[in-house]
Amino acid sequence: MMTTSLTEEQLALVETTLDFAQEHLAPGAAAWDQDKHFPVDVLRKAAGLGLGGVYVAEDWGGSALTRSDGVLVFEALAVGCPSIAGYLSIHNMVAWIIDRFGDNTQRARWLPGLCTMDTLGSYCLTEPGAGSDAAALRTRAERDGDHYVLSGVKQFISGAGSSDVYIVMARTGDDGPRGITAFVVERDDPGLSFGPNEKKMGWNAQPTRPVILDAVRIPADRRLGAEGEGFRIAMKGLNGGRLGIAACSLGGAQSALDRSCAYLSDREAFGTRLIDSSALQFRLADMATELTAARALVRQAAAALDHDDPQAAQLCAMAKRFATDTGFTVADRALQLHGGYGYLSEYGVEKIVRDLRVHQILEGSNEIMRIIVARALTGAGR
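This structure is a prediction, so every number in the text was calculated from the model and none was measured.

Colleague: Describe the side chain of Ser158, with residues and values.
Modeller: Its place among the elements puts Ser158 in strand S3 (residues 147-158). What makes Ser158 buried here is its relative accessible area of 9%. Setting aside residues no more than four positions away along its own chain, Ser158 makes contact with Tyr87, Ile90, Ser122, Ser163, Trp203, Gln206, Pro207 and Thr208.

Next up, the structure:
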């Protein structure tokens, strides 16, 4: 990981998180992937380092870190396992949303458990018919006295079935973004159920299930913010979530690059080490250069978000698109450099390729990232 311009505190944060990833994530990553095992015990060990509430205020048990700190954390975690790092990014998005948009009663109710990861969190925006067009979601929340009744289906929800707290975006008003409101639903609420664990290309170390809301009746005090503010809350959360996933791509790709350097140093062909081939050195140089450029953009976007820069959303979209595309490309090249061995699970590279592929889709597909940037440039949609 590039450490230029980091403070002493950030350098210590990177070192501590990398040590954790190498000791607690990397050794189990392949088995978790093959067995589709969600290592909750390991997540709680991460929480012991403050990684369950990265952005949450210290008053509620969080670490109160900045976005600039957070991208360092998630990159380091992904060196050990992109799948687990990805879930931790989503969990932290949930915790941040409650801290940022909840009231003190809501913070006191959910944040301490989320920070220790005794309580796990999931984010429920996507639906079977509303993925990229999130403002078209159809899950409804009908007001009934001092309660709301939620009905609908959410799709591709990370942690679903294992998580305890679900931030659910539901429609309380007319069509479009202004009719959406945010709610907190708990796993034991009557009417909440889950579909089967999806069979996926990657991210197998965390469950992904549909979340089914069948007339789930919750008190009105489970609403986050006012009615109609849900879409704004969702988009604010996704700005940070996109940085988290971008950083996870950096960490996974860095691991793939490091593995390639080690493999080429050990492997010989035609009487010479592969690492001594100029052609292969050039490939490594390109991979490192592109990864360094992506890392710089991610850190620039994180700094913009920390400082409420008016261009922060645009920069987060740029960083997410560029880092996830670059990360997958670097990992794919690393597999090629390993030859046939790269295709074998024991070398670890093919898992990185599979895990990083979904980063180009979730938290807003990279096509949507291009739309966000284009609209910012052209003024379209204002």
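Colleague: Describe in detail the nonpolar core, supporting the description with residues and values.
Modeller: Core analysis: the largest hydrophobic core is formed by 96 residues, its most contacted members being Leu25, Phe74, Leu77, Ile97, Ile98, Tyr123 and Met169. Ranked by the residues each element gives to this core, the list is headed by helix H6 (residues 230-266), at 14 residues. Not counting the four nearest positions on each side in its chain, Leu77 is found in contact with Thr17, Phe20, Ala21, Leu25, Leu51, Ala85 and Leu88.

Colleague: Hey, could you go over the pattern of salt bridges for me, with residue numbers and the actual values?
Modeller: Within the structure shown, the criterion is met by 18 salt bridges. A salt bridge links Arg321 to Asp325; its shortest N-O distance comes to 3.0 Å. A residue pair is termed a helical-turn pair when its members lie 3 or 4 positions apart in one helix, as Arg321 and Asp325 do in helix H8 (residues 312-337) at 4 residues. Here Arg321 falls in the partly exposed class, since its relative accessible area comes to 25%.

Colleague: Lay out the environment of Met2 in plain terms, naming residues and giving numbers.
Modeller: Position of Met2 among the secondary structure elements: in the segment before helix H1 (8-35). Here the alpha-carbon distance between Met2 and Ile368, two residues 366 residues apart in the chain, equals 29 Å. Setting aside its immediate chain neighbours within four residues, Met2 contacts Thr292, Arg295 and Arg299.

Colleague: Pulling in residues and values, what's your account of the state of the cysteines?
Modeller: A covalent bond between the sulfur atoms of two cysteines is referred to as a disulfide. Scanning the entire structure with this criterion turns up 0 disulfides. With no disulfide of its own, Cys248 lies closest to Cys81 among cysteine sulfurs, the gap being 9.6 Å. Exposure remark for Cys248: the relative accessible area of 0% places this residue in the buried category.

Colleague: Tell me about H1, residues and numbers included.
Modeller: Helix length check: H1, at 28 residues, gives a terminal C-alpha distance of 39 Å against a target of 40 Å (1.5 Å per residue), a fit within 8%. Along its length, H1 shows its largest kink, about 50°, at Ala29. All of the buried residues in H1 are Gln10, Leu13, Val14, Thr17, Leu18, Phe20, Ala21, Leu25, Gly28, Ala29, Trp32 and Asp33. In the core, the buried residues of H1 are packed alongside helix H2 (40-47), helix H3 (67-80), helix H4 (82-101) and helix H9 (349-357).

Colleague: Could you give me a rundown of unusual backbone geometry, with the residues and numbers involved?
Modeller: Of note in this structure, Ala64 is not a glycine but carries a positive phi near 55°. The topology assignment puts Ala64 in the loop between H2 and H3. Despite not being glycine, Glu363 has its phi angle at roughly 60°, a positive value. Relative to the helices and strands, Glu363 is located in the loop between H9 and helix H10 (366-378).

Colleague: Tell me about the packing of H3 against helix H7 (residues 278-306), residues and numbers included.
Modeller: One can describe the packing of H3 onto H7 by two numbers: an axis separation of 7 Å at closest approach and a directional angle of 145°. Contacts from Arg67, Ser68, Val71, Leu72 and Glu75 in H3 reach Arg295, Val298, Arg299, Ala302, Ala303, Leu305 and Asp306 in H7. The class makeup of the residues in the contact of H3 with H7 is 6 nonpolar, 1 polar and 5 charged.

Colleague: Account for the packing of aromatic side chains, with residues named and values stated.
Modeller: Summed over all chains, the structure comprises 7 aromatic pairs. Pairing Trp96 with Phe101 gives two aromatic rings, centres 5.8 Å apart and planes at 90°, and the pair type is edge-to-face. Here Trp96 falls in the buried class, since its relative accessible area comes to 16%. By relative accessible area, Phe101 is classed as buried at 11%. Ring centres 6.3 Å apart and planes at 85° place the aromatic pair Tyr263 and Tyr347 in the edge-to-face group. Taken as a pair, Tyr263 in helix H6 and Tyr347 in the loop between H8 and H9 lie far apart in primary sequence, 84 residues in all. Taken together, the ring pairs in this structure connect Tyr263, Tyr341 and Tyr347 into an aromatic cluster.

Quick notes on the rules
Residues numbered from 1 in each chain as written. Predicted model: local features only at pLDDT ≥ 70, side-chain atom pairs only at ≥ 80, totals over all residues. Heavy atoms only, no water. Helix = DSSP H or I, 4+ residues; strand = E, 2+ residues; numbered from the N terminus. Buried < 20%, exposed > 50% of the residue type's maximum accessible area, 1.4 Å probe, protein only. Contact = heavy atoms within 4.5 Å. Core = buried A, V, L, I, M, F, W, Y, C linked by side-chain atoms within 4.5 Å. Salt bridge = Lys/Arg side-chain N within 4 Å of Asp/Glu carboxyl O. Disulfide = S-S within 2.5 Å. Expected span 1.5 Å × (residues − 1). Bend = angle between axes of the 7 residues up to and from the residue. Axes fitted to C-alpha atoms, helices over the stretch in contact; angles between N-to-C directions. Nonpolar A, V, L, I, M, F, W, Y, C, P; charged D, E, K, R; others polar. Phe/Tyr/Trp six-rings, centres within 6.5 Å; stacked < 30°, edge-to-face > 60°.

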